[in-house]
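Each chain, letter by letter, is given below.
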Amino acid sequence: MAEEKKILFSGMQATGNLTLGNYLGALKNWVSLNEDYECYYCVVDEHSITVRQDPAELRQRARALLILYIAAGLDPEKNCIYYQSHVSGHAELAWILNCYTYMGELQRMTQFKDKSAKHAENINAGLFTYPVLMAADILLFQADVVPVGVDQMQHLELTRDIAQRFNGIYGDVFKIPEAYIGKVGANIKSLQNPTKKMSKSDENPNASIYLMDDTDTIIRKFKRAVTDSESEVRYSPDKPGISNLIDIYRAATGKTVEEVEKEFDGKGYGDFKLAVGEAAANLLKPLQQRVAELSKDKAYIDGVIKNNAERANYTASKTLRKVQKKIGFPERIR
Ligand code: ATP
Ligand code: LTN
């Protein structure tokens, strides 16, 4: 009998427009993982409301993100792609786990400190307990591995602590998840400040390439990318701007650093920036076309949403029932 696949869970927030960094660093690398793992990719819309959202915009962005998952190549027959808000187990388990998480642990979370400084007018309890909802996401599916960026490692550590604490009291209820360290995805930097990562919440639109940017915009942004005062296309720690552009070019074309350096030997930054812009635009064009096609096929997307929510609910409820029983909630009468 075939060995059962390990479980992988990840999620993205539907806030802001996804960038080339999100694509090259995460989404693009997720596509082949379903060969080795049973994969769950959630649009974490419940996390989004920790910051005030416009309802129509949230609904539209959540759907756009779900479509983008599929357009990037995640086959919804082979990957469970769904909205967090369609599986009530997330919120139910989060409540339970809240009672097994200490204030002190949450006070230490750097994302909470950053976000509460940024949204000083709305430091709500949800923002504080955000990591507990994330722990619930992961533990609900008994995930073995979780692909996350370094900024989320602290939340994953907390998830492990909560799971171990719970298991210590009630026996082996939760699988203890690990960070997924696969083939390391590209780490893309801001075009305006190449020592900072490219981020969808950057206030300067020239700092990020958005996945839906058109070719002219992409080329213009690369033209304006901050580099150095030399003119040699060479990969080096003291040339963060050019090194970032080389990384993007490599990721888009599959070439090696040596090949790129050779290709632009004797040419200036102008030629190189144009080539990177064209390569990035060519990489994104098929993705954009696929998004446009899928967006028109309402019946197909609605079908995916319905079927995958059912699948996710089925799996989630198994863990939830087990947890409820362990902690002493009364049995359901059928
Ligand atoms: P925000 O600006 O709202 O914090 P973000 O753009 O940093 O968002 P996240 O939602 O935190 O993105 O991350 C989604 C996924 O994309 C994560 O797996 C993260 O590691 C990856 N990712 C984000 N930015 C980059 C980047 N510049 N390079 C590589 N991977 C990235
Ligand atoms: N907090 C994450 C998004 C997220 C997530 C998750 C990632 C929510 N739940 C579960 C992995 C697993 C972020 O902001 N990138």
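Up top is the structure.
One structure accompanies this document, and this report is about it. Note that the structure is predicted; figures quoted are calculated from it, not measured.

## Quick word on the pairing of strand 2 (residues 37-43)
Most of strand 2 sits out of view: six of its seven residues are buried. Relative to strand 2, strand 1 (residues 6-12) is paired through seven bridges, and the arrangement is parallel. Bridge assignment links Phe 9 to a residue of strand 2, and that residue is Tyr 40. Following the chain from strand 1 across helix 1 (residues 20-30) to the adjacent parallel strand 2, one finds a crossover that is right-handed. Relative to strand 3 (residues 79-83), strand 2 runs parallel, the two being bridged by five bridges.

## Brief notes about the packing of helix 4 (residues 89-98) against helix 7 (residues 125-140)
One way to put it is that helix 4 packs onto helix 7 with a least axis distance of 8 Å and a crossing angle of 120 degrees. Classified by the interaxial angle, the pair formed by helix 4 and helix 7 is oblique. Between helix 4 and helix 7 lies a crossing whose hand is right-handed. Together, Gly 89, His 90, Ala 91, Leu 93, Ala 94, Leu 97 and Asn 98 of helix 4 and Thr 129, Val 132, Leu 133, Ala 135, Ala 136, Asp 137, Leu 139 and Leu 140 of helix 7 make up the contact between the two elements. Classifying every residue of the contact of helix 4 with helix 7 by side-chain character gives ten nonpolar, four polar and one charged.

## Considering the nonpolar core
Where a protein is soluble and globular, its nonpolar side chains tend to be buried together. Counting residues in hydrophobic clusters, the biggest one holds 59 residues, and the most contacted among them are Leu 20, Tyr 23, Leu 27, Trp 30, Tyr 69, Phe 222 and Phe 272. No other element matches the twelve residues that helix 12 (residues 269-296) contributes to this core. The contacts of Tyr 69, once residues within four sequence positions are left out, are Gly 11, Met 12, Leu 27, Trp 30, Tyr 41, Cys 42, Val 43, Leu 74 and Ile 81. Of all hydrophobic cores here, the second largest spans 40 residues; its members include Cys 42, Ile 96, Ile 138 and Leu 158.

## Considering the side chain of Thr 50
On the secondary structure map, Thr 50 appears in the loop between helix 2 (45-48) and helix 3 (55-71). A relative accessible area of 9% means that Thr 50 is categorised as buried. Within the structure, Thr 50 has its side chain in polar contact with the backbone oxygen of His 47 (distance 2.7 Å). Look past the residues within four positions of Thr 50 in its chain and what remains in contact with it is Asn 122, Asn 124, Gly 126, Leu 127 and Tyr 130.

## What about the site of ligand 2?
Neighbouring ligand 2 are 13 residues; Gly 11, Tyr 130, Met 134, Asp 137 and Gln 152 lie closest to it. Residue Gln 152 places a side-chain N or O atom 3.0 Å away from a nitrogen atom belonging to ligand 2. Notes on ligand 2: free accessible area 370 Å², of which the protein chains cover 89%. Looking at which element gives the most residues to the shell around ligand 2, the answer is helix 7, with four residues. A breakdown of the residues in the shell around ligand 2 according to their chemical character gives seven nonpolar, five polar and one charged.

## Remarks on the state of the cysteines
The final tally for this structure, using the stated rule, is zero disulfides. Note on Cys 39: no disulfide assigned, nearest cysteine sulfur contributed by Cys 80 at a separation of 10 Å. Since its relative accessible area comes to 1%, Cys 39 is described here as buried. Unpaired in terms of disulfides, Cys 42 finds its nearest cysteine sulfur in Cys 80, a separation of 8.8 Å.

## Regarding the site of ligand 1
Neighbouring ligand 1 are 15 residues; Ile 188, Lys 197, Ser 199, Lys 200 and Ser 201 lie closest to it. Between ligand 1 and the protein, one listed contact pairs an oxygen atom with a backbone N or O atom of Gly 149 at 3.3 Å. One of the side-chain N or O atoms of Ser 201 is found 2.5 Å from an oxygen atom in ligand 1. In isolation ligand 1 exposes 600 Å². Once the protein is present, 83% of that is buried.

Parameters and conventions
- Residues numbered from 1 in each chain as written.
- Chains lettered and ligands numbered in written order.
- Predicted model: local features only at pLDDT ≥ 70, side-chain atom pairs only at ≥ 80, totals over all residues.
- Heavy atoms only, no water.
- Buried < 20%, exposed > 50% of the residue type's maximum accessible area, 1.4 Å probe, protein only.
- Helix = DSSP H or I, 4+ residues; strand = E, 2+ residues; numbered from the N terminus.
- Pairing = 2+ DSSP bridges.
- Right-handed = clockwise from strand over helix to strand, strands pointing away.
- Axes fitted to C-alpha atoms, helices over the stretch in contact; angles between N-to-C directions.
- Parallel < 35°, antiparallel > 145°, perpendicular 65-115°, else oblique.
- Left-handed = near helix turned anticlockwise from the far one by under 90°.
- Contact = heavy atoms within 4.5 Å.
- Nonpolar A, V, L, I, M, F, W, Y, C, P; charged D, E, K, R; others polar.
- Core = buried A, V, L, I, M, F, W, Y, C linked by side-chain atoms within 4.5 Å.
- Polar contact = N/O pair within 3.5 Å; in protein donor to acceptor, adjacent residues only side chain to side chain.
- Near = heavy atom within 4 Å.
- Areas by Shrake-Rupley, 256 points an atom, 1.4 Å probe, with all protein chains shown as cover.
- Disulfide = S-S within 2.5 Å.

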